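Survey of secondary and tertiary structure
Here are the chains, one letter per residue:
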Amino acid sequence: MIEAQKPLLEVKNLKQYFPISRKYTVKAVDGVSFSIYPGEIYGLVGESGSGKSTIGRAIIRLYDPTAGKIIFEGMDISGHMSRETRERLRGDMQMIFQDPMACLNPRKKVIDIIAEGLDVQHRCASAKEREEKVTEILKRVGLAPEHALRYPHQFSGGQRQRIGIARALIMEPKLIIADECISALDVSIQAQVVNLIKDIQKETGTAYLFIAHDLSMVKYISDRIGVMHLGHLLETGTTEEIFSNPIHPYTRSLLSAIPHPNPRTERNRQVAYYDYKNAGVDYTKGVLRLAGGSHYVLATEQEFQEWTKSM
């Protein structure tokens, strides 16, 4: 990735609120900003309920953002979009969902599931061209051409997720949002799917927003990482910056919880506990401060001095 490049996607002060009643509103995402550059994988990590998936759904406009800006290829897609912009967005941005069974229509054959986007946007001149494109993409994700005539229930979880990946890739998008796309799979299958994503990313140069809570997997696949907690982006930087020099106490607690494969090291591993209520930290008062390179931390001036002093 070249920093001098223009970002493919810019998220600026994104807020996504859900009113529950007249008096109570859930602030799922509260003022998040980050950029994704062409051809890079940006990993978004954090515990369940931190707002990761909500960000992905707001970017692809499954939700209407409460406030803030989402700029994709120079276009502001956060407000009302023209029909032309919406059509373009549907081709250039795709999503791989968390549950590989729930997101596939059980009544449709695989060929029709994968080709649905092509059909909607009339990208194939003939049935033969449509079939050829589906066959080619099935081979690319490690499935056989004869699988095209089967139904989703005839596949394993890993194979179904490959169908989901094929459905996203056939549109030749510039950005794919992978929303916890491996969390429902067995560990051995997770590795296969992540390697598949990595290989295809190298071939096609597609950018990814990779949403997950498994830090070791995010470390393996991502170029840059953003750490989420309670709807706020606490720390962002390259994978090397985050893992070698975590600054925010929450990031440190996450990294300290990763098990070590060496039993001796694992026995002496110190887990750093972080309790937001008792930590005396108020996310709403902090701003993103540069710690060096592309490494930013959400902190007040006092917190930043304190956390970097103890490094």
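Above this text you will find the structure in question.
Everything numeric in this text was worked out from a predicted model, so none of it was measured.

How each quantity is defined
Residues numbered from 1 in each chain as written. Predicted model: local features only at pLDDT ≥ 70, side-chain atom pairs only at ≥ 80, totals over all residues. Heavy atoms only, no water. Buried < 20%, exposed > 50% of the residue type's maximum accessible area, 1.4 Å probe, protein only. Helix = DSSP H or I, 4+ residues; strand = E, 2+ residues; numbered from the N terminus. Pairing = 2+ DSSP bridges. Phe/Tyr/Trp six-rings, centres within 6.5 Å; stacked < 30°, edge-to-face > 60°. Lys NZ or Arg CZ within 6 Å of the ring centre and 35° of its normal.

Some words on the pairing of strand E9 (residues 224-229)
In terms of burial, E9 is largely enclosed, as six of its six residues are buried. Going residue by residue along E9, you find Arg-224, Gly-226 and Met-228 tucked away on one face and Ile-225, Val-227 and His-229 tucked away on the opposite face as well. Note: strand E3 (residues 41-45) against E9, four bridges, orientation parallel. Its bridge partner being in E9, Val-45 is matched across the sheet by Val-227. The pairing of E9 with strand E10 (residues 232-238) spans six bridges and is classified as antiparallel. Note on E10: the bridge partner recorded for Arg-224 is Thr-238. In this antiparallel pair of consecutive strands, E9 and E10, the connection spans two residues, and Leu-230 shows a positive phi of 50 degrees.

Examining the packing of aromatic side chains
All told, the structure shown has four aromatic pairs when counted by the stated rule. Positioned above the aromatic ring of Tyr-220, the side-chain terminus of Lys-198 is 4.1 Å from the ring centre.

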